[in-house]
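A structural walkthrough
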Amino acid sequence: MKKVITFGTFDIFHVGHVNILERARALGDYLIVGISSDELNFSKKGRNPVYSIAERLKIISSLRFVDEVFVEESLELKAQYLRDFDADVLVMGDDWKGKFDIYKDICDVVYLERTPSISTTEIIEVVRQPRDN
Ligand code: CTP
């Protein structure tokens, strides 16, 4: 069985998230998703996620192309997660291109194209805008 693993915050779930998870699963037989803890998200992005870790775990684990989820507590534990979950392929969006090549001695590393024109950051900005109509 080919195991695929990917990581992310997946806050304010959107179609870009669906697209990458669906394509990641298609690269193997089993998809594991590491979801950033609230603390890890704060340290990476300087803001608390809008949806808590419990909500993000519930949303991602409900997808038919996701087989297993866990909380990613620290970026430094990446190699350990890859080994513990016995991953064959690490998938990341191409905004991370090259950054995960150091794990190529543990598993294959594949970067998938991001879905254009959508991100959690952009949704937060749009929702915050006062309406002018
Ligand atoms: N992703 C994607 N296409 C998008 C947005 C995200 O393929 N339009 C992918 C990212 O490359 C990553 C995963 O979805 O592999 C989780 O990304 P995350 O950082 O949680 O989502 P973003 O929308 O990029 O969040 P932010 O705006 O806060 O950076």
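Note that this is a predicted model, so its numbers are computed, not measured.

1. What to know about the UniProt feature "domain: Cytidyltransferase-like" (unreviewed entry) in the protein
Summarizing the sequence annotation, UniProt attributes the feature "domain: Cytidyltransferase-like" (unreviewed entry) to residues 5-125 in the numbering used throughout. A helix fraction of 35% and a strand fraction of 21% characterise residues 5-125, whose end C-alpha atoms lie 30 Å from each other.

2. Focus on the environment of Ala-54
Mapped onto the elements of the fold, Ala-54 is located in helix α3 (residues 53-61). When its relative accessible area of 53% is taken as the criterion, Ala-54 is described as exposed. Considering only alpha carbons, one finds Ala-54 and Val-18, 36 residues apart in sequence, at a separation of 19 Å.

3. Quick notes on the packing of aromatic side chains
Scanning the model with the defined rule gives six aromatic pairs in all. For the pair Phe-70 and Tyr-81, a centre-to-centre distance of 5.0 Å together with 50 degrees between the ring planes defines the contact as tilted. With Phe-70 in strand β3 (residues 68-72) and Tyr-81 in helix α4 (residues 78-84), the pair connects residues that are eleven residues apart, well separated along the chain. As far as the burial class goes, Phe-70 and Tyr-81 line up, both buried. Put simply, the rings of Phe-7, Phe-70, Tyr-81 and Phe-85 touch in pairs and so form one group of aromatic residues. Taking NZ or CZ as reference, Lys-78 lies 4.3 Å from the ring centre of Phe-7, over its face.

4. Remarks on the site of the ligand
As a structural note, the neighbourhood of the ligand is formed by 16 residues, with Arg-47, Thr-115, Ile-118, Thr-120 and Thr-121 the closest of them. In the complex, the protein chains occlude 92% of the 570 Å² of accessible area that the ligand would expose alone. Those elements giving two or more residues to the shell around the ligand turn out to be α1 (15-26) and α5 (120-128). The greatest single-element share of the shell around the ligand, amounting to three residues, is contributed by α1.

Cut-offs used in this document
Residues numbered from 1 in each chain as written. Predicted model: local features only at pLDDT ≥ 70, side-chain atom pairs only at ≥ 80, totals over all residues. Heavy atoms only, no water. UniProt positions renumbered as here; feature names shortened; annotations may be inferred. Helix = DSSP H or I, 4+ residues; strand = E, 2+ residues; numbered from the N terminus. Buried < 20%, exposed > 50% of the residue type's maximum accessible area, 1.4 Å probe, protein only. Phe/Tyr/Trp six-rings, centres within 6.5 Å; stacked < 30°, edge-to-face > 60°. Lys NZ or Arg CZ within 6 Å of the ring centre and 35° of its normal. Near = heavy atom within 4 Å. Areas by Shrake-Rupley, 256 points an atom, 1.4 Å probe, with all protein chains shown as cover.

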